[in-house]
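# Coordinates in review
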Amino acid sequence: MPFNLKGRHFLTLKDFSHQEIEFLINLSIELKKNKYSGLRGKNLEGKNIALIFEKASTRTRCAFVVACADEGAHAEYLGKNDIQLGKKETVKDTARVLGRMFDGIQFRGFKHEAVVELARYAGVPVWNGLTDKYHPTQILADFMTVLECKGYLKGIKFAYVGDGRSNVANSLLIGGAKMGMDLRVVSAESLFPEGELLNEAEALATESRGKVTLTSDVSEGVKGVDVIYTDVWVSMGEESKIKERIQLLMPYQVNSDMIERTGNPEVIFLHCLPCFHNTDTEVSRQFPDICEATEEVFESKHSKVFDEAENRVHTIKAVMVATLGS
């Protein structure tokens, strides 16, 4: 059934029901089919979209720009040096100015409180492209990819391996619990998710008949899973912790041994990207051990990371169409 999400913000999956998340994923699949068949969308025709970026981005920026163009909207990129946000002007004032000029606002930045403040005062839909706490548009693309590969979400055995306190891990906990998954966070105990968030995810999993597990034991965590997911060991703004995280998370590197330990020859590997899987980047040349997934796995038949990256366009498009479109 269709859901009326018109005018809603998209800040965290906490604010959306199981059925609403499912609706957004199904709409993403429909919009993807339309694009592949050459149908040009007009759902955002005449709309102006502000794209605020405090943090650099490849997939989120490009996905929003392409999604806007596909549906007839104009996207305006606003980098951290382009506007006065947080410098000479408060978030509250910036929200009220941009809300008078734009029909929707995307924010990708550091503090989650900033996107909440934007949403409180903008008067137009605000979408979270990433904050320190949550990355909800990414998780929609992840779940869309799982659905395309496996055909279902409820009951999927899904292991997130690595930094269990990251924005991706937080969002997967909430989203996986809402969708009735068997969601496992496999990490060093010092990097387990916050207790309050875990309690919330467990309550949601009880409602959906899903399951949430925390473990530092890799063999236990990945046994029988359908999906292995990891992310960078050090997020933007935490560069001083690189050596510490390498030492702490090396046992959780996604390699061929971990793939074999799943016991599932059809297990898929996901990563929100960028991924350190070789020494072909500036950071990985400086820190060659910062490798959350090996080249062998990244380039293997198990890897669906580029399907996942493409799906950022379709899921972001679905969010904008559902909350703003005609």
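What comes next is a walk through the structure.

Below, the discussion takes up the overall build of the protein. Summing up its helical and strand segments, the protein has 13 helices and nine strands in all. Computed over the C-alpha atoms, the radius of gyration of the protein is 19 Å, within 12% of the 20 Å expected from 2.2 N^0.38 for a compact globule of 326 residues. Relative to its full complement of 326 residues, the protein shows a buried share of 56%. Residue pairs at least 24 apart in sequence account for 76% of intrachain contacts in the protein once pairs closer than 6 positions are excluded. Surface accessibility of the protein: about 14,300 Å² in total, with carbon and sulfur atoms responsible for 49%. For the protein, the centre of its 40 positive side-chain charges and the centre of its 46 negative side-chain charges are spaced 4 Å apart.

To continue, consider the packing of aromatic side chains. In total, this model carries seven aromatic pairs according to the counting rule given. Between Y160 and Y229 the ring centres are 6.0 Å apart and the planes differ by 40 degrees, which places this aromatic pair in the tilted class. A residue pair is termed long-range when its members are at least 10 positions apart, and Y160 in strand β5 (residues 157-161) and Y229 in strand β8 (residues 227-230) qualify at 69 residues. Of the residues examined, Y229 reaches a relative accessible area of 0% and is grouped as buried. Ring-pair connections join several aromatic residues into one group, and the members of that group are F143, F158, Y160 and Y229. Over the face of the ring belonging to F16 we find R8, whose NZ or CZ atom lies 4.4 Å from the ring centre. Geometry around Y121 places R96 over its ring, the cationic atom sitting 6.0 Å from the centre.

This brings us to the sheet that holds strand β6 (residues 182-186). Reading across the sheet, the five strands line up as β7-β6-β5-β8-β9 and stay open at both edges, with parallel pairing between neighbours. The sheet is open, and its two edges are formed by β7 (211-215) and β9 (268-271), each paired on a single side. Neighbour-to-neighbour, the strand axes of the sheet open up by a mean angle of 20 degrees, direction not taken into account. Sheet topology places β5 next to β8; four bridges connect them, and they run parallel. When the bridges of β8 are listed, Y160 appears paired with Y229. Sitting on the sheet, helix α13 (residues 305-324) touches β8 and β9, and the angle it makes with β9 is about 45 degrees.

It is worth spelling out helix α5 (residues 136-150) at this point. Think of an α-helix as 3.6 residues a turn; residues three or four steps apart then line up on the same face. Taking 1.5 Å as the rise per residue, α5 with 15 residues should run 21 Å; its terminal C-alpha atoms sit 21 Å apart, in good agreement. Taking burial as the measure, the 15 residues of α5 include twelve buried ones, the bulk of the element. What α5 keeps buried is the set P136, T137, Q138, I139, L140, A141, D142, F143, M144, T145, V146 and L147. Taken from the residues just after α5, G151 is the one with a positive phi, measuring 90 degrees.

Below, the discussion takes up the packing of helix α1 (residues 18-36) against α5. Helix packing for two helices is described by the angle between their axes and how far apart those axes are. Viewed as axis vectors pointing N to C, α1 and α5 meet at an angle of 70 degrees, and their least axial separation amounts to 10 Å. Taken together, the axes of α1 and α5 are roughly perpendicular relative to one another. Taken as a pair, α1 and α5 cross one another with a handedness that is right-handed. Between α1 and α5, the residues in contact are I21, L24, I25, N26, S28, I29 and K32 and L140, F143, M144, L147 and E148, respectively. Counted by class, the contact of α1 with α5 contains eight nonpolar, two polar and two charged residues.

Topologically, Q138 is positioned in helix α5. Setting aside chain neighbours within four positions, we find Q138 in contact with Y229, C272, E308 and R312.

The next thing to look at is unusual backbone geometry. Note that the residue after L273, namely P274, is joined by a cis bond; omega there is 5 degrees. Of note, P274 is situated in the loop between β9 and α11 (282-286). Unlike most non-glycine residues, L130 shows phi in positive territory, near 150 degrees. Residue R209 is not a glycine yet carries a positive backbone phi of 65 degrees. By the secondary structure assignment, R209 is in the loop between α7 (195-208) and β7.

Thresholds, definitions, all that
Residues numbered from 1 in each chain as written. Predicted model: local features only at pLDDT ≥ 70, side-chain atom pairs only at ≥ 80, totals over all residues. Heavy atoms only, no water. Helix = DSSP H or I, 4+ residues; strand = E, 2+ residues; numbered from the N terminus. Rg over C-alpha atoms; globule rule 2.2 N^0.38 Å. Buried < 20%, exposed > 50% of the residue type's maximum accessible area, 1.4 Å probe, protein only. Contact = heavy atoms within 4.5 Å. Areas by Shrake-Rupley, 256 points an atom, 1.4 Å probe, with all protein chains shown as cover. Lys, Arg positive; Asp, Glu negative; His and termini not counted. Charge placed at Lys NZ, Arg CZ, Asp CG, Glu CD. Phe/Tyr/Trp six-rings, centres within 6.5 Å; stacked < 30°, edge-to-face > 60°. Lys NZ or Arg CZ within 6 Å of the ring centre and 35° of its normal. Pairing = 2+ DSSP bridges. Axes fitted to C-alpha atoms, helices over the stretch in contact; angles between N-to-C directions. Expected span 1.5 Å × (residues − 1). Parallel < 35°, antiparallel > 145°, perpendicular 65-115°, else oblique. Left-handed = near helix turned anticlockwise from the far one by under 90°. Nonpolar A, V, L, I, M, F, W, Y, C, P; charged D, E, K, R; others polar.

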